[in-house]
Amino acid sequence: IADRSHLDFFFLGLGVEAEGEATKAAKARKRAGLSGGLPGHKWVETSSKAGVVFAYDRQLELGYRELHLTGKELRKLLGRIVHAPPAERPEVQAELDDLINWSNIANDESDFGASLRLGADLFNHDVCFAPQAAQQLSTAYTLLGRAPFAKLAKLHAALRRGG
């Protein structure tokens with residue numbers, strides 16, 4: 001086929017269009033917030049734009065809840081923590097601790113996608129957030145029945161910290 005721009009490429013069973021967001025199918029998937037059409041799952045965008053996929057019950061709205069800081073606002077907070085002088089860091093860090101607390105509450109109420117998304121965002125922002133990212137990802141993966149990924153998150157975080 002000479003013109004391959006319309007072909008789908010598949011990775012782990014999720015369709016990714018050759019032309020990215022320029023295609024109608026990709027735009028429709030993004031609008032629907034679905035994981036490439038996998039029934040019973042949801043996709044949400046992370047700060048890296050890769051996104052995370054998790055089980056989600058649309059009727060019960062169970063599996064994910066939006067935290068009060070995501071996207072640009074979360075990146076701003078994380079940037080403030082990274083660049084805060086040591087004397088001011090605990091005050092700024094308290095905002096992240098509050099967000100992590102809300103993520104843990106979401107886990108208690110079976111909304112595991114919130115901690116998966118937060119963990120991915122922390123993991124991708126800066127190496128200084130490796131411990132918090134590992135905790136969020138490990139918890140989310142374990143609760144989602146993905147224990148091997150939980151172990152990988154912990155091991156990788158330890159390597160990122162240099163130990």
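For every chain, the first residue of the written sequence is number 1, and numbering continues from 1 onward in sequence order. Totals for whole chains, interfaces and linings use every residue, but because this is a predicted model, local features are given only for residues with pLDDT of at least 70 and side-chain atom pairs only at 80 or more, for both listing and counting. Side-chain metrics in this entry use all non-hydrogen atoms of the structure; hydrogen atoms and water are not considered.

1. Some remarks on the packing of helix 3 (residues 89-108) against helix 5 (residues 130-143)
If you want to describe how two helices pack, look at the angle between their axes and the distance between the axes.
Here's step 1: Angular values range over 0 to 180 degrees, each being the angle between N-to-C directions of two axes fitted as lines to C-alpha atoms, with helices fitted over their stretch in contact. Helix and strand assignments come from DSSP, with helices taken as H or I runs of at least 4 residues and strands as E runs of at least 2, each series counted from the N terminus. Helix 5 packs onto helix 3 with a crossing angle of 5° between their chain directions and a minimal axis gap of 11 Å. By the angle between their axes, helix 3 is roughly parallel relative to helix 5. Residues Gln93, Leu96, Ile100, Ser103, Asn104 and Asn107 of helix 3 form the contact with helix 5, whose own contacting residues are Gln132, Gln136, Thr139 and Leu143.
Here's step 2: Residue classes follow a fixed rule: Ala, Val, Leu, Ile, Met, Phe, Trp, Tyr, Cys and Pro count as nonpolar, while Asp, Glu, Lys and Arg count as charged, and any other residue, Gly among them, counts as polar. When the residues that make up the contact of helix 3 with helix 5 are grouped by side-chain class, the tally is three nonpolar, seven polar and no charged. Orientation categories follow fixed angle ranges, with anything under 35 degrees roughly parallel, anything over 145 roughly antiparallel, 65 to 115 roughly perpendicular, and all other angles oblique. We call two residues in contact whenever any of their non-hydrogen atoms come within 4.5 Å of each other.

2. As for helix 5
Here's step 1: How far a helix is expected to stretch is found by multiplying one less than its residue total by 1.5 Å. Look at helix 5: 20 Å from first C-alpha to last across 14 residues, which is about the 20 Å you get at 1.5 Å a residue.
Here's step 2: Any residue under 20% of the maximum accessible area for its type is buried, any over 50% is exposed, and the rest in between are partly exposed; the area is computed with a 1.4 Å probe on protein chains only. Of the positions making up helix 5, those classed as buried are Ala130, Gln132, Ala133, Ala134, Gln136, Leu137, Ser138, Ala140 and Tyr141.
Here's step 3: Elements in contact with the buried residues of helix 5: helix 3, helix 4 (113-125) and helix 6 (147-160).
Here's step 4: Looking one or two residues beyond helix 5, the residue adopting positive phi is glycine 145, at roughly 75°.

3. Some thoughts on the packing of aromatic side chains
Here's step 1: Here a Phe, Tyr or Trp ring, Trp counted by its six-membered ring, pairs with any other such ring whose centre lies within 6.5 Å, and the pair is stacked when the planes are under 30 degrees apart, edge-to-face when over 60, and tilted otherwise. In total, this model carries two aromatic pairs according to the counting rule given.
Here's step 2: Ring centres of phenylalanine 54 and tyrosine 64 lie 5.3 Å apart, and the angle between their planes is 25°; on these two criteria the pair is classed as stacked. Placement of phenylalanine 54 in strand 4 (residues 52-55) and of tyrosine 64 in the loop between strand 4 and helix 2 (71-83) is noted, with a sequence separation of 10 residues between them.
Here's step 3: Both a distance and an angle decide whether a charge sits over a ring: NZ of Lys or CZ of Arg must be within 6 Å of the ring centre and within 35 degrees of the ring normal. Residue placement shows lysine 42 over the ring face of tyrosine 56; its charged tip is 4.7 Å from the ring centre.
Here's step 4: Over the aromatic face of phenylalanine 123 sits the side chain of arginine 160, whose NZ or CZ is 4.4 Å from the ring centroid.

4. Structural notes on the confidence of the model for the protein chain
Here's step 1: Summarising the model, the protein chain shows a mean pLDDT of 82, and 75% of its residues fall at 70 or more.
Here's step 2: The model gives residues 1-21 a pLDDT under 50, and that stretch makes 26 contacts with residues more than four places away or in other chains. Scored between 0 and 100, pLDDT is the confidence that the predictor attaches to each residue.

5. Some thoughts on the side chain of asparagine 107
Here's step 1: By the element assignment, asparagine 107 lies in helix 3.
Here's step 2: Owing to a relative accessible area of 6%, asparagine 107 belongs among the buried residues under this scheme.
Here's step 3: Setting aside its immediate chain neighbours within four residues, asparagine 107 contacts Phe112, Ser115, Thr139 and Leu143.

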